[in-house]
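# A structural walkthrough
Residues per chain are reported as follows:
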Amino acid sequence: MIILLINFTVYAHKCRIEQQGDQIIADCTRLKLTDVPTDLPIHISGLDLSYNQISMIKNNTFSSFSNLKTLTIDSNNIHTLYGDVFKGLENLLWLSIQHNQLNIFTKIFDIVIKPLLHMQHLDIRYNINKTLDIPKPMIYPYFGDVLNLTNLYMDLAQTPVFNLSGFARLSQLKTIKFARCYLKQMSNDTFVDLPSTITAIFFHDCVGKISIVEADFLKPFPSLMILNMNRVAMQLGDALQLLYPFKNTRMTSIIFKQIRPQFPKPVFITRVMINYLMYICVKTLVLAECEIVGYEQRSLLALKFPECLENLVLSGNRFAIALGPHAPELLIIMRRVINLKYFDWSYNAINYNIIDYCNIDVLENAAYAKEVYREGCQIKSAATNAYKNLNNSTLEKASMVDEYKFTIYFPGNLTFLRVSHYITSYVLYPLKIFVAKADNLRYVDFSYWQITQFPVIYSETPFNVKYLDISGLNSTILIHETSIPVFKNVQTAILKNAMLGLTTGKTGKIFKLFPAVEKLDISYNNLWYLDEDAFETNLNLSIVNIAHNLLSAIPIAMMNLPYLSKLDLSFNRLQTINKTFRDWMDKKSKKYEGTFNLSVEGNSLTCTCETSDFIRWLFSTNVVFDRINKNFSCTLTNGSESNTMDVYRRFHQQFGNCKSKQWLRLGIGLLVAFVIFTVPLAILLNFRWKITYWIYRNFRRVVEHRLERKFNYDIYLSFANDICQWVYDDFLPKVECSWHMKVCIEDRDFLIGVAKADEIANAISGSKHAVFILSESYKDNEWNKFEIERVKFEKCRNYLQKIIILVKGAKATCVPHELDDILQNVTIIDWADNETGWDKLRMALFTDSFQF
């Protein structure tokens with residue numbers, strides 16, 4: 001027998017009814033409902049009424065839905081529930097009414113949940129009730145009737161009372177989560193009435209100051225496996241003391257995130273603080289965003305059961321694991337945590353951390369911290385001073401040896417490594433890293449890591465990294481041959497904000513580093529073009545994200561990718577998609593059976609006669625767009641805003657006159673062409689002698705005017721920063737002092753506060769000659785191209801007399817192609833630093849014609 005389960009969707013009272021397997025779910029979210037719909041199918045097994053405006057639910061509202069198993073009424077305005085509101089829901093397993101305005105401490109709430117005999121999950125968190133934040137004892141509802149309850153999520157009052165709530169009968173309760181926590185004291189008797197079967201306890205958003213913390217606070221839970229404390233206003237040292245009852249036990253997770261008082265201070269980990277954690281065999285350990293700035297030797301890394309650790313997160317702090325005397329500890333622990341799979345040490349500002357170490361008075365453990373980190377600070381200070389005193393020859397010599405090569409021993413099972421947003425100030429030299437046992441590493445995140453040179457990385461085993469995120473790094477530092485072993489097997493590469501515009505069009509393109517990549521994200525890079533052969537070595541690409549760039553057309557490089565199935569071009573500057581790419585995408589969509597995806601949201605699309613074919617194609621193609629209804633904003637011919645759907649609905653009205661306009665334009669063009677050619681020809685034939693005499697007279701006047709023209713400068717000088725010193729030390733003294741010519745340069749003669757473009761235009765207009773000094777980095781400055789265009793303009797006006805190019809430290813082929821139009825008027829001098837070079841320049845300036 002073959003059972004075919006078909007998903008279908010219908011609508012009732014605006015609710016969406018879905019068949020999911022053998023379950024029927026009613027989705028009534030975000031419909032602005034004020035009451036529970038009454039015309040829903042009675043056999044539904046799930047109902048979601050979240051994000052509506054229901055304030056009151058009366059008796060027997062759900063009595064007809066006897067098959068209901070899940071009921072969600074989150075984020076409404078419910079302040080009143082009648083006693084029999086859930087009558088008839090004996091089969092309900094899941095109830096969530098969080099983010100409302102209920103007072104769960106009223107007697108009526110005991111009656112409300114009583115009929116839910118089989119309920120396993122109850123979520124009553126985030127119910128606005130100001131009485132929670134008062135010191136008087138608050139008696140929790142009676143849960144003793146829901147004997148199958150396994151998960152309970154609720155708020156925690158300042159002075160909670162559980163002894164009358166029937167928790168002793170809840171032998172199945174495993175997980176309890178406290179949110180909106182107002183607890184002021186973590187005393188030993190707080191949870192004595194909760195069942196000992198609880199294996200997971202969560203504390204979230206305990207914003208009030210916790211004044212008392214006793215070590216046996218969690219003793220009622222001997223089987224506890226998961227302790228999760230997030231945003232709890234207490235000292236990290238006090239939180240670590242709560243682990244006392246679990247010494248020499250096994251736990252699944254210990255998560256301390258944002259454990260800090262209302263006015264946090266830097267935390268220095270000591271052996272006393274870590275005494276209980278040290279003896280727990282824990283799989284997942286999180287100490288994140290806790291203001292940790294340092295740790296005592298044989299404390300943080302001195303776990304007695306390191307083989308238990310599988311996941312370690314230390315992100316959001318301000319300390320270095322291997323600073324000063326901790327390097328040997330790190331090497332030892334990395335060899336002992338043999339089962340570590342996940343390591344996250346992101347968002348660590350070590351340069352701020354160094355300040356705290358060397359000015360350790362801000363720490364509570366100042367006396368011991370000074371002693372421990374004096375050696376590390378002295379090492380850093382000595383290294384910094386030595387680095388400043390090194391001359392170029394010493395650095396060159398040091399680079400020839402393996403002086404800065406060191407070995408990192410990764411745990412053999414490590415698969416996830418994240419060091420994102422890492423800022424350091426104590427790495428002074430280029431690193432050569434030898435990585436041992438990296439064959440299991442699959443996920444690497446080095447995004448927004450502040451480094452000036454990517455390390456040279458070697459390994460005794462082949463790298464097999466599949467996911468790599470290097471967003472925020474300057475991509476130019478990756479282009480060297482030693483990068484290939486690290487990146488060659490990467491299948492997903494994320495390069496957001498990687499300044500890719502600096503690498504496109506250059507030898508050793510960045511994409512060649514990822515020959516096996518299948519998913520590539522190069523969004524947010526200010527790219528305005530890509531080379532046609534940009535992806536010639538990335539033929540496995542199937543998903544490409546080029547969103548949030550400056551592309552005005554789809555790059556031709558995309559057409560060379562045989563497996564491309566998803567292309568994100570959203571938030572660029574596309575106005576249309578030409579026929580070549582439309583046909584190409586139609587073939588792709590046919591190949592992938594209508595699953596080729598294209599995202600164009602946020603582009604500058606136009607709906608004009610010129611793009612009418614694109615609009616028609618948009619609603620006829622099988623390509624899947626990021627908007628299902630294909631309703632994209634576009635600009636009409638008159639400049640007003642519309643959308644592609646409205647334009648397509650009025651297609652004939654919008655574009656009906658396009659062809660007639662084209663014929664009209666053709667006729668007008670022919671008429672204008674006839675007039676332009678015939679009328680001047682007739683005038684020339686009839687008045688040729690008078691025109692000749694008029695031209696001669698005015699030409700003579702223009703020549704005389706040129707001779708009388710006065711210039712502000714003799715020379716306008718254009719050069720790049722890499723030869724700035726030669727210009728000031730040699731060129732200017734020679735030309736201005738010896739030859740008595742007035743030279744205009746940007747740094748000295750431009751006015752402050754005036755637009756740079758205007759200053760360049762005025763200076764070139766007021767100069768008799770223009771001199772360009774070409775060097776290797778001349779083309780890298782966009783303003784140099786602007787200067788060339790202004791020189792061409794002044795040359796066309798016949799005011800600029802001579803254009804001279806000095807090729808210094810570069811090949812003659814480096815002459816910018818922008819000068820191609822006036823090369824016959826340009827004097828090129830291959831410069832030599834001797835009297836011959838100066839003689840050539842002087843002859844070029846003071847003679848009528850001179851070429852080199």
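Use the structure listed above.
Please read all numbers here as calculations on a predicted model, not as lab measurements. (Residues numbered from 1 in each chain as written. Predicted model: local features only at pLDDT ≥ 70, side-chain atom pairs only at ≥ 80, totals over all residues. Heavy atoms only, no water.)

### Looking at the overall build of the protein
The number of helices and strands found in the protein is 18 helices and 45 strands. For the protein, the proportion of its 852 residues judged to be buried stands at 45%. Across the protein, the fraction of contacts at a sequence separation of at least 24, relative to all contacts at a separation of at least 6, is 71%. Of the roughly 43,400 Å² of accessible surface on the protein, a fraction of 54% belongs to carbon and sulfur atoms. (Helix = DSSP H or I, 4+ residues; strand = E, 2+ residues; numbered from the N terminus. Buried < 20%, exposed > 50% of the residue type's maximum accessible area, 1.4 Å probe, protein only. Contact = heavy atoms within 4.5 Å. Areas by Shrake-Rupley, 256 points an atom, 1.4 Å probe, with all protein chains shown as cover.)

### Things to note about the state of the cysteines
By the definition in use, this model includes four disulfides. Residue Cys15 pairs covalently with Cys28 via a disulfide, S to S 2.1 Å. Residues Cys15 and Cys28 are joined by a disulfide whose S-S torsion is about 120°; by sign, that bridge is right-handed. With Cys15 in strand β2 (residues 15-20) and Cys28 in the loop between β3 (23-27) and β4 (46-48), this residue pair connects regions lying 13 residues apart in the sequence. For Cys15, a relative accessible area of 0% gives the class buried. The exposure class assigned to Cys28 is buried, which follows from its relative accessible area of 0%. In this model, Cys607 is linked to Cys634 through a disulfide, with the two sulfur atoms separated by 2.1 Å. Disulfide Cys607 to Cys634: torsion about the S-S bond roughly -110°, handedness left-handed. (Disulfide = S-S within 2.5 Å.)

### What about unusual backbone geometry?
Of note in the backbone geometry, Asn248 takes a positive phi value of approximately 65° without being a glycine. When you line up the elements, Asn248 lands in the loop between α2 (236-241) and β18 (250-259). Its relative accessible area of 54% is what places Asn248 among the exposed residues. Phi is positive for Asn497, close to 50°, though the residue is something other than glycine. Assignment of secondary structure puts Asn497 in the loop between β32 (492-494) and β33 (519-521).

### Digging into the sheet that holds strand β39 (residues 633-636)
The mixed open sheet is built from three strands, whose spatial order is β37-β39-β40. Edge positions in the sheet fall to β37 (606-607) and β40 (641-643), since each of these pairs with one other strand and no more. Inspection of the sheet shows β37 paired to β39 by two bridges, in the parallel sense. Across the sheet, Cys607 pairs through a bridge with Leu636, a residue of β39. (Pairing = 2+ DSSP bridges.)

### Things to note about the sheet that holds strand β44 (residues 802-807)
With parallel pairing, five strands are arranged side by side in an open sheet as β42-β41-β43-β44-β45. Of all the strands in the sheet, the pair left with one neighbour each is β42 (743-744) and β45 (826-830). Bridge analysis of strand β41 (residues 713-718) against β42 gives two bridges, and the strand direction is parallel. The partner of Ile715 across the bridge, within β42, is Val743. Relative to β41, helix α16 (residues 756-765) is tilted by about 135°, and along the sheet it contacts β41, β42 and β43 (767-774). In the packing of helix α18 (residues 835-846) onto the sheet, the strands contacted are β41, β43, β44 and β45, and the crossing angle to β44 comes to about 170°. (Axes fitted to C-alpha atoms, helices over the stretch in contact; angles between N-to-C directions.)

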